[in-house]
Amino acid sequence: MDKNQIFITSGTEYKKMTKELLEKADLQSHIGDRKKKIGIKPNLVSPSEASWGATTHPEVVAGIIEYLKEHGFRDMVMLEGSWVGDKTREAFETCGFDRLEEEYQVPFWDMQKDKGVPVDCGGMELNVCERVKELDFLINVPVLKGHCQTKITCALKNMKGLIPNKEKRRFHSLGLHKPIAYLNMGIKQDFIVVDNICGDLDFEDGGNPVVMNRVIAACDPVLVDAYVCQMMHYEVADVPYVKLAGELGVGCPDVSKADVQFLADQALYLQELVFFAPAYGTDRAEDMLEEIYEETGLVGSCSGYEKLPLYLADRQQYEHSMMGGDAENVEQLVILDENGEIPTVFSGAFYIAAYPSCTKRKIRRLQECGMCCKTLRKYLDSTFLSGL
């Protein structure tokens with residue numbers, strides 16, 4: 001794959017998806033020499049299972065290891081250092097990486113136990129774990145998440161697991177953004193496999209996972225982080241370390257230059273539309289969905305259905321806590337197949353919520369599924385939502 005390309009696949013067979021993604025990206029050609037020492041760097045920030053939305057799914061790393069072994073690479077290690085306050089070894093075991101080490105005979109380096117050495121990172125001296133310099137090729141496997149201080153965390157910030165605890169504390173005293181950007185001048189990540197399966201979009205330690213069931217591949221850490229900013233409705237300027245890393249030459253911060261390719265045989269779909277009764281009636285919601293299909297062609301035959309039949313799953317009102325604060329009653333319309341079930345071939349979720357607490361009833365949350373939501377957002381803004 002080229003430096004400006006971002007490949008995205010989706011589904012629920014995470015190991016298989018990852019291997020297929022790496023085949024498409026032709027990772028083995030990027031690495032080249034089969035004798036290179038390859039480092040695989042997941043996010044094991046704390047001892048919490050991946051389903052909580054904070055840590056890398058072991059199935060993704062298993063897919064990377066299997067792909068590498070099948071292409072003749074033998075010298076590889078997993079390496080990580082958890083955040084200050086938790087022990088890496090505990091996270092290693094809780095997150096299932098001890099089983100990967102045993103099954104695949106790939107050693108794990110605990111970076112909390114490694115010595116820090118000063119490294120000139122583009123004019124800023126930072127302490128980096130000593131063994132990082134032993135690697136010939138680094139595969140970064142971050143989790144796409146929100147962060148309480150930096151708004152997003154993905155490829156660039158994941159390198160923070162390769163510095164000693166003392167330096168992690170210093171990063172916070174320096175304001176995080178500048179040292180994160182400069183750190184990526186001293187540690188070069190050669191390939192990125194983003195775990196976008198169920199990251200918590202609000203907090204880096206998880207607890208509120210958002211199921212997306214996607215894996216993303218990229219070569220440029222700045223570009224993929226800029227794309228994440230767009231996904232989470234931030235400007236690159238809202239996340240200073242991404243902008244600064246671009247200025248330093250680590251990569252390209254201009255997401256308009258990204259060639260984003262969706263590999264799964266799928267079209268943009270709506271799995272669930274949530275409309276609040278004060279804004280819309282349920283019949284109107286159904287009419288809207290029909291018109292969306294007709295005008296945009298967003299649901300295709302790739303799923304095995306020429307057109308998904310629409311069913312009202314439940315007209316009852318129920319509690320919905322997405323607004324924050326007190327839950328309010330809403331009506332739900334979901335897309336079901338001819339058997340009255342949500343199609344299992346689909347992954348992720350796409351929903352629209354109009355908040356009754358907003359007097360103008362503007363759309364305040366638009367979450368994308370496996371495809372970019374811009375087409376739908378533009379269509380809705382120019383039709384149903386105009387004048388609300």
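Scroll up for the structure.
Reading guide: rules and limits
Residues numbered from 1 in each chain as written. Predicted model: local features only at pLDDT ≥ 70, side-chain atom pairs only at ≥ 80, totals over all residues. Heavy atoms only, no water. Helix = DSSP H or I, 4+ residues; strand = E, 2+ residues; numbered from the N terminus. Expected span 1.5 Å × (residues − 1). Buried < 20%, exposed > 50% of the residue type's maximum accessible area, 1.4 Å probe, protein only. Polar contact = N/O pair within 3.5 Å; in protein donor to acceptor, adjacent residues only side chain to side chain. Pairing = 2+ DSSP bridges. Axes fitted to C-alpha atoms, helices over the stretch in contact; angles between N-to-C directions.

S.K.: What should I look at first to understand helix α3 (residues 58-70) in this one?
M.R.: Every α-helical turn comprises 3.6 residues, leaving residues that sit three or four positions apart pointing alike. Helix length check: α3 (13 residues) gives 18 Å between terminal C-alpha atoms against 18 Å at 1.5 Å per residue, within 8%. Of all the 13 residues making up α3, ten are buried; the element is thus mostly covered by neighbouring parts of the structure. Among the residues making up α3, those that are buried are Pro58, Val60, Val61, Ala62, Gly63, Ile64, Ile65, Glu66, Tyr67 and Leu68. Trailing α3 by a residue or two, glycine 72 shows a phi angle of about 90 degrees, which is positive.

S.K.: What is the right way to look at the environment of aspartate 254 in this model?
M.R.: Relative to the elements of secondary structure, aspartate 254 occurs in the loop between α10 (240-248) and β12 (259-262). Taking the C-alpha atoms as reference points, aspartate 254 and asparagine 4, separated by 250 residues in sequence, lie 9.9 Å from one another. A polar contact is formed between the side chain of aspartate 254 and the side chain of serine 256, at a distance of 2.5 Å.

S.K.: For this particular structure, what's the right way to read the sheet that holds β12?
M.R.: Adjacent strands of a sheet form backbone hydrogen bonds with each other and so pair up, either parallel or antiparallel. Spatially, the eight strands line up as an open sheet ordered β4-β3-β2-β7-β10-β11-β1-β12, and their pairing is mixed. Because the sheet does not close on itself, it has two edges, and the strands there are β4 (108-110) and β12. The sheet shows a mean angle of 20 degrees between the axes of neighbouring strands, direction not considered. The sheet contact formed by strand β1 (residues 5-10) and strand β11 (residues 214-218) spans five bridges and is antiparallel. In the strand pairing of β11, serine 10 is matched with arginine 214.

S.K.: Please clarify how helix α9 (residues 221-231) should be interpreted in this entry.
M.R.: By the criterion of burial, α9 is predominantly enclosed, with ten of the eleven residues buried. Among all positions of α9, only Pro221, Val222, Leu223, Val224, Asp225, Ala226, Tyr227, Val228, Cys229 and Met231 are buried. Measuring from the backbone nitrogen of valine 222 back to the side-chain oxygen at the start of α9 gives 2.9 Å, which picks out aspartate 220 as the cap. Phi turns positive one or two residues past the end of α9, at histidine 233, with a value near 65 degrees.

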